[in-house]
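Fold and contact review
This is what each chain is made of:
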Amino acid sequence: MDISDNIAKINDKIESAATRSGRSSEEIKLIAVSKKKSTDLIAAAHHCGLTNFGENYLQESVEKISSINLNGIDWHFIGNIQSKKSSQIAQYFSWVHTIDRVKIVNSLDAAGQNLKVLIQVNVSDEKSKSGISESDLMPLAEIVIESKCLELKGLMALPSPPIDGKINEKEYEKMNMLSDQLKNYYSPANELSLGTSQDFELGIKHGSTMVRVGESIFGKR
Ligand SMILES: *Cc1c(COP(=O)(O)O)cnc(C)c1O
């Protein structure tokens, strides 16, 4: 496995997917999801020009972030948030993609660190999934906008996995529409975090500005 090859291939695919949708690849950030991957692999990806890294597990990521000595990395928290861990998340990360309830907004805000945040939407509306329901989205957005330290930057979603190989594109269309609605209401919230190794090209087709790619960069976990 060659990380630089993997990254070059993904960058090409991002470029073509953007072109196909009449978009510029410059509006799309590649976030390297490095959960369960070593700091050496993170350094290798950084050496290939990547500066945005996503982590899910707080304990693991704090150890990695504090031991890594690289300039200009933006760390994105993309895992489930426990409110009692909020101050640690705010201390180590500059972005949080997984805000989905008032309690978390309040506990992150209370940490007193400036944070860029995305609201996670439960676009497939499965009970088991995290994310806020569509109908509760705007009230939560309002609370984030009014917070002291949190900067509302947009939305995030993890659409449901394909069933019999078939992806439900409606969920992507829905996220694109919700993202447009939010932007119209509050223009700084212009980011949409949508797409993993499996579906980042589809995410880009539907307005994604942040693709979260793990295994296609670093190999299987
Ligand atoms: C692990 C993870 C990813 C990356 O998934 P890959 O299949 O490795 O690309 C993206 N988003 C979230 C929320 C994740 O937990």
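All chains considered together, the criterion is met by eleven salt bridges. In this structure, Lys-64 engages Glu-55 in a salt bridge whose closest nitrogen and oxygen atoms are separated by 2.8 Å. Side by side, Lys-64 and Glu-55 carry an identical accessibility label, which is buried. The residue Asp-180 makes a salt bridge to Lys-183 at a minimum N-O spacing of 3.4 Å.

Here we come to the site of the ligand. Around the ligand, 13 residues are found, and the nearest of them are Lys-35, Asn-56, Ser-197, Glu-215 and Arg-221. Residue Lys-35 places a side-chain N or O atom 2.7 Å away from an oxygen atom belonging to the ligand. Contact between the ligand and Ser-197: an oxygen atom at 2.5 Å from a side-chain N or O atom of the residue. Here the ligand loses 89% of its free accessible area of 390 Å² to cover by the protein chains. In terms of residue class, the shell around the ligand is made up of five nonpolar, four polar and four charged.

Attention now goes to helix α1 (residues 3-20). Spanning 18 residues, α1 covers 26 Å between terminal C-alpha atoms, matching the ideal 26 Å at 1.5 Å per step. Those residues of α1 lying buried are Ile-3, Asn-6, Ile-7, Ile-10, Ile-14, Ala-17 and Ala-18. Burial along α1 is one-sided: seen end-on, the buried residues are contained in an arc of 100°. Opposite the buried face of α1, by more than 90 degrees, sit the exposed residues Lys-9, Asp-12, Thr-19 and Arg-20. In this structure Asp-2 caps α1, since a side-chain oxygen of it lies 2.9 Å from the backbone nitrogen of Ser-4. One or two residues past the end of α1 sits Gly-22, with phi positive at roughly 65°.

Right, let's get into the environment of Leu-152. Relative to the assigned elements, Leu-152 resides in strand β6 (residues 150-157). Here the alpha-carbon distance between Leu-152 and Lys-103, two residues 49 residues apart in the chain, equals 16 Å. What Leu-152 contacts, discounting residues up to four positions off in sequence, is Val-117, Ile-119, Ala-141, Val-144, Ile-145, Leu-182, Tyr-186, Pro-188 and Ala-189.

On the secondary structure map, Gln-120 appears in strand β5 (residues 115-121). Using a relative accessible area of 4% as the deciding quantity, one classes Gln-120 as buried. Distance from Gln-120 to Leu-192, taken between C-alpha atoms, is 9.9 Å for residues 72 residues apart in sequence. In this structure Gln-120 touches His-97, Thr-98, Ile-99, Asp-100, Ser-130, Gly-131, Ile-132 and Met-156, once residues within four positions along its chain are discounted.

Counting buried positions along β5 yields six of seven residues, so the element is predominantly enclosed. The pairing of strand β4 (residues 95-99) with β5 spans three bridges and is parallel. For Trp-95, the partnering residue across the bridge sits in β5 and is Lys-116. Following the backbone out of β4, through helix α5 (residues 102-110) and into the adjacent parallel β5, one traces a crossover that is right-handed. When β5 meets β6, the two strands line up parallel, connected through seven bridges.

The rules behind each value
- Residues numbered from 1 in each chain as written.
- Predicted model: local features only at pLDDT ≥ 70, side-chain atom pairs only at ≥ 80, totals over all residues.
- Heavy atoms only, no water.
- Salt bridge = Lys/Arg side-chain N within 4 Å of Asp/Glu carboxyl O.
- Buried < 20%, exposed > 50% of the residue type's maximum accessible area, 1.4 Å probe, protein only.
- Near = heavy atom within 4 Å.
- Polar contact = N/O pair within 3.5 Å; in protein donor to acceptor, adjacent residues only side chain to side chain.
- Areas by Shrake-Rupley, 256 points an atom, 1.4 Å probe, with all protein chains shown as cover.
- Nonpolar A, V, L, I, M, F, W, Y, C, P; charged D, E, K, R; others polar.
- Helix = DSSP H or I, 4+ residues; strand = E, 2+ residues; numbered from the N terminus.
- Expected span 1.5 Å × (residues − 1).
- Arc of directions from axis to C-beta.
- Contact = heavy atoms within 4.5 Å.
- Pairing = 2+ DSSP bridges.
- Right-handed = clockwise from strand over helix to strand, strands pointing away.

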